[in-house]
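Residues per chain are reported as follows:
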Amino acid sequence: MKKQWAKLWCSAIASVVFLAAAGCAGQSKPAESASSTTPSPSTSSSPTPFVKGTRMRIPGKLSIVVPDGYIAYTAEQTRRSFHPIVIVPRGTPIEKADKTPQRLEILTYFTKENAEKNRDNHFNDYTNWKQISELRKENAIKINNSILYGIYYKRTDETGTVSRQTWYRTVGNSGWKISIIGPNNTENIPQELLDAMRTIEFAKQKQTDSD
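Residues numbered from 1 in each chain as written. Predicted model: local features only at pLDDT ≥ 70, side-chain atom pairs only at ≥ 80, totals over all residues. Heavy atoms only, no water.

*Asks:* What's the story with the sheet that holds strand E2 (residues 62–65) in this structure? I'm lost.
*Replies:* The pairing of strands in a sheet comes from backbone hydrogen bonds and takes either a parallel or an antiparallel form. Pairing is antiparallel in the open sheet, where 3 strands are placed in the order E1-E2-E11. What marks the edges here is a single partner per strand, and that holds for strand E1 (55–58) and strand E11 (201–202). Both E2 and E11 contribute to a ladder of 2 bridges, which runs antiparallel. Bridged to Ser63 within E11 is Glu201. (Pairing = 2+ DSSP bridges. Helix = DSSP H or I, 4+ residues; strand = E, 2+ residues; numbered from the N terminus.)

So, in structure tokens, the structure goes:
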């Protein structure tokens, strides 16, 4: 009888050990499978995160310091080749980057006029727009050895009224239009965006500025 009980006891212990080993093996297999099949997050359309004081560079065009609380989208992300960069409040989705009122955007275009003439042409056009008010010319400013000529105005549409500054720069036949736009239904343009414009460093061009 003792021998029979011993055999039963040994069989029970062996079964417990076997089940424990099988349980461990069963737990490890799914973990390996999950780690090997989990896709990496796509960053192709995600905004590049910038912290205060970080300079963003667009090769061959310009660099700019993105202010704290904002993010920047490039032309590759917005699919707008003539807009090298747009800076918007952090959390703004890419599809609304060129529509959110509070932003700094830069446009490049072909022109045969110098910066002051481009500014004056837009100023004269805007005088006939019913949705434009408080239109005025700003004093010229110098940024990175470039002279920029600007205007200020308020524009009203179905979503509200925004305050806006637009600045013009010309190098050869390349025109640059820098727009800083405030939030809806406010008098002021965010100072951090005005300060960001002052940090722009334009890429060196073969021809000097035609101001």
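Still more ground to cover, so stick around.
*Asks:* What is the right way to read helix H3 (residues 115–126) from this model?
*Replies:* The periodicity of an α-helix, 3.6 residues per turn, causes residues three or four places apart in sequence to face the same way. For H3, built from 12 residues, the straight-helix expectation of 16 Å at 1.5 Å per residue is met to within 8% by its first-to-last C-alpha distance of 17 Å. When we look at burial in H3, the residues that qualify are Ala115, Asn118, Arg119, Asp120, Phe123 and Tyr126. Those residues of H3 that are buried are in contact with strand E5 (103–110), strand E6 (132–137), strand E8 (146–157), strand E9 (160–171) and strand E10 (174–181). Measuring from the backbone nitrogen of Glu116 back to the side-chain oxygen at the start of H3 gives 3.3 Å, which picks out Asn114 as the cap. (Expected span 1.5 Å × (residues − 1). Buried < 20%, exposed > 50% of the residue type's maximum accessible area, 1.4 Å probe, protein only. Contact = heavy atoms within 4.5 Å. Polar contact = N/O pair within 3.5 Å; in protein donor to acceptor, adjacent residues only side chain to side chain.)

*Asks:* I keep staring at the side chain of Thr92 and nothing clicks. Help me out?
*Replies:* Mapped onto the fold, Thr92 is located in the loop between strand E4 (85–89) and E5. Taking the relative accessible area as the measure of exposure, Thr92 reaches 12% and is therefore buried. Engagement of the side chain of Thr92 in a polar contact is seen with the backbone oxygen of Pro89, the distance being 2.7 Å. Not counting the four nearest positions on each side in its chain, Thr92 is found in contact with Ile71, Tyr73, Ala97 and Thr100.

These figures capture arrangement, not role.
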